[in-house]
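The primary structure of each chain is shown beneath.
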There are 2 protein chains.
Amino acid sequence: MANQSESKRTEIAELGEFGLIDRIKKDAKIHHASTLKGIGDDAAVIKGEKELTVISTDMLVEGVHFDLRYAPLKHLGFKAIAVNVSDIAAMNAIPKQVTVSIAFSNRFSVEAIDELYRGINLACEEYNVDLVGGDTTSSNVGLIISITAVGTVEEDKITYRNTAQKGDVICVSGDLGAAYLGLNILEREKQEFLANPNMEPQLDGKNYLIERQLKPSARMDVVYELREKGVVPTAMMDISDGLASELLHICSQSDLGVVIYEDRLPIDRMTVDVATTDFNITPSVCALNGGEDYELLFTVKQEDFAKIENLPDITPIGYTTEASKGRKFVTRGQQVVDITAQGWKHF
Amino acid sequence: MANQSESKRTEIAELGEFGLIDRIKKDAKIHHASTLKGIGDDAAVIKGEKELTVISTDMLVEGVHFDLRYAPLKHLGFKAIAVNVSDIAAMNAIPKQVTVSIAFSNRFSVEAIDELYRGINLACEEYNVDLVGGDTTSSNVGLIISITAVGTVEEDKITYRNTAQKGDVICVSGDLGAAYLGLNILEREKQEFLANPNMEPQLDGKNYLIERQLKPSARMDVVYELREKGVVPTAMMDISDGLASELLHICSQSDLGVVIYEDRLPIDRMTVDVATTDFNITPSVCALNGGEDYELLFTVKQEDFAKIENLPDITPIGYTTEASKGRKFVTRGQQVVDITAQGWKHF
């Protein structure tokens, strides 16, 4: 038998997800001049003759990323596509094709897989992408979905994370924090249901939050709006781990500081109500550290900001500074605190 | 809680893997003219301005596709890349980039993941491909690896499965059946080891078979040789499920019949010896129905065959016929039997 013994054992948790990614990236050599961007952005970038191809991939694991006790399979299929399209949007690119690989145990029937693909096909329709391949296999436990999305973008429109400039306006699309509260509501109802199976779930009036969690949208509409206005962000990424975590990525990769303002954060009224009433959390904490909003975070030059400031669904939340000024959050009470990332911990 | 109840339950096993793929394919609509080929070949094909981009994806699940009790992580990493490169080779394309997503439980240390990536990077070096992205996440049990490979090919060189012509010569590269016997040996030694942990595994003299199973090669050398000789196969695929299964794919997709000859099948001497002595299996059964050889199966026009017949590692095994003549296997004893696929059953 192969000898799998190891002289040293370091837990993944000691490195964290980003530490692990850095470790993998370090040894990944680039052989092709066409590989413009490898590991480290929302998607890889490959140079074609006229356009760039962007490629993004995500893996969703049952019990880690979703819980089928409250996520309907159709919504899950939709979400799996949407989160990958969101990565393509974050490159300012247009999604074109996706591959979908699934592993699932014999707990899943043909009808269940049909339902998953109904959601996948619905999202493919919504985002105008072609399902072009994949793999289907069995797993010993549960469902694993791995999706790769391919998009294209003109060379002068691509947006990376490391290209923000000092003095840019920091913008976000939509509103933040709702998906995190949606998850908290679903988890709470699940616990109550487990304790008392006769209980009826109390989801009334919270549909928006739950939909944000179970069936998020990729903001392709924002990508098209920016194109219409002739604006190319200096940097862009999608908000999957939480605003704070993503801001820190842009800061460290672009070697900049930031200032953002609590009173500028776009937070839906329902998010404010439920955060304070149901969970006793400050709404801006949901916006900063809740994940899975799949909104776009981007930086634009000040003169470009003038072209988009009337768009109803885009909010300026601060600006970029020199790296030496740090990463700052100005509270409603005018206190200045450092931004720290909590993000998602999968390990 | 979401209502996951189903009025009808059909087991996946009733459909089989290919039935499931057909079902998924049926509902996958194509929106982009650039999507030349979607589900149903070794890779998807996307039209660029000058070249085609091919995209292939595979998922490997611990306990289904590999057993870490005998597959060293480094070999596994190598194999995961090689099997995807093999799909790109099957399109007659040159691999350029890969993304690697992994989910793994806390049983895996940083050192274990390093070892996996050592194999991944070794294969990237071997096949001259760039690791450009991926995803890392936790799983509740075991290791899941999902890889997507991207390659390019000139429009006049791409090889599909559905374009073989009547009267073409059917060729295979390398030799067949060895990987299947390698798996059988490893499984036998594992059972003996489980029964008696003091036992030393008996792998002497069988290294070739075991290496074919644990660390298969993608036949990029054959792709380059064909280019050098100016030959474009009329159809090509890689042999992952077994020769019989792949031949039937080419027949049904190209609407043809085939005749192949038992005495032409390329089978290594060690495969013959171990099949007959250790496992009491007819060697040609290993070649026809054993999987994971990752050799190339292709059809060429007769005039093209003349250009490659001196290549030492390419063997003609038969020819294509009209569909009405069926799919025939001529035994050494000149018996003519129908080819039936056994292939791999993951469900």
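Residues numbered from 1 in each chain as written. Chains lettered and ligands numbered in written order. Predicted model: local features only at pLDDT ≥ 70, side-chain atom pairs only at ≥ 80, totals over all residues. Heavy atoms only, no water.

As annotated in an unreviewed UniProt entry, chain A carries the name Thiamine-monophosphate kinase and comes from Sediminitomix flava. Per its UniProt entry, chain A bears the Sequence similarities (unreviewed entry) comment "Belongs to the thiamine-monophosphate kinase family." Per UniProt, chain A carries the Function (unreviewed entry) text "Catalyzes the ATP-dependent phosphorylation of thiamine-monophosphate (TMP) to form thiamine-pyrophosphate (TPP), the active form of vitamin B1." (UniProt positions renumbered as here; feature names shortened; annotations may be inferred.)

1. Let's talk about the UniProt feature "binding site: Mg(2+) 1" (unreviewed entry) in chain A
Under the local residue numbering, the UniProt record ascribes the feature "binding site: Mg(2+) 1" (unreviewed entry) to T57, D58 and D135 of chain A. Across 79 residues, the annotated set stays spatially compact, with a maximum C-alpha separation of 14.5 Å. In this fold, T57 of chain A is placed in strand β3 (residues 51-61). Looking at T57 of chain A, the relative accessible area reads 8%, which means it is buried. T57 of chain A has contacts with N84, S146, I147 and T148 of chain A together with T99, S101, G134 and D135 of chain B, leaving out every residue within four places of it along the chain. In terms of polar contacts, T57 of chain A uses its side chain to reach the backbone carbonyl oxygen of I147 of chain A, at 3.0 Å. With respect to the helices and strands, D135 of chain A occurs in strand β5 (residues 130-138). On the basis of relative accessible area, D135 of chain A is assigned to the buried category, the value being 13%. Sequence-distant contacts of D135 of chain A, that is, excluding residues within four places in its chain, are made with V100, S101 and I102 of chain A together with E17, T57, D58 and M59 of chain B. (Helix = DSSP H or I, 4+ residues; strand = E, 2+ residues; numbered from the N terminus. Buried < 20%, exposed > 50% of the residue type's maximum accessible area, 1.4 Å probe, protein only. Contact = heavy atoms within 4.5 Å. Polar contact = N/O pair within 3.5 Å; in protein donor to acceptor, adjacent residues only side chain to side chain.)

2. Some details on the pairing of strand β12 (residues 327-330) of chain A
Residue and element names in this part refer to chain A. Pairing analysis gives 4 bridges linking strand β9 (residues 256-261) to β12, with the strands arranged parallel. Of the residues in β12, the one forming a bridge with V258 is R327. Where β12 and strand β13 (residues 336-338) come together, 3 bridges link them in antiparallel fashion. In the sheet register, K328 faces β13, and the bridge partner there is D338. In sequence, β12 turns back onto β13 through a hairpin of 5 residues, with Q334 there showing a positive phi of about 65 degrees. (Pairing = 2+ DSSP bridges.)

3. Let's talk about the packing of aromatic side chains
Under the defined criterion, the tally for this structure stands at 6 aromatic pairs over all chains. Taking 6.4 Å as the distance between ring centres and 75 degrees as the angle between the ring planes, the aromatic pair formed by F104 of chain B and F108 of chain B counts as edge-to-face. Exposure class is identical for F104 of chain B and F108 of chain B. Each is buried. Over the ring of F78 of chain A we find K215 of chain A; its NZ or CZ atom is 4.1 Å from the centre of that ring. It is K37 of chain B that lies over the ring of Y160 of chain B; its NZ or CZ is 4.7 Å from the centre. (Phe/Tyr/Trp six-rings, centres within 6.5 Å; stacked < 30°, edge-to-face > 60°. Lys NZ or Arg CZ within 6 Å of the ring centre and 35° of its normal.)

4. A word on the relation of the copies chain A and chain B
In the superposition of chain A on chain B (RMSD 0.0 Å, axial shift 0.0 Å), the rotation amounts to 180 degrees. One copy is carried onto the other by what is essentially a two-fold rotation axis. Both copies contact each other with a shared surface, as 100% of the interface residues of chain A are interface residues in chain B too. (Least-squares fit on C-alpha atoms with pLDDT ≥ 70 in both.)

5. Topic: the sheet that holds β3 of chain A
Residues and elements named next belong to chain A. What the 6 strands build is an open sheet, ordered β1-β2-β3-β6-β4-β5; its pairing is mixed. Each edge of the open sheet carries a strand with a single partner, namely β1 (35-37) and β5. Across the sheet, the mean angle from the axis of one strand to that of its neighbour is 20 degrees, orientation sign disregarded. Summarising the sheet, strand β4 (residues 94-104) and strand β6 (residues 143-154) pair through 10 bridges and their orientation is antiparallel. (Axes fitted to C-alpha atoms, helices over the stretch in contact; angles between N-to-C directions.)

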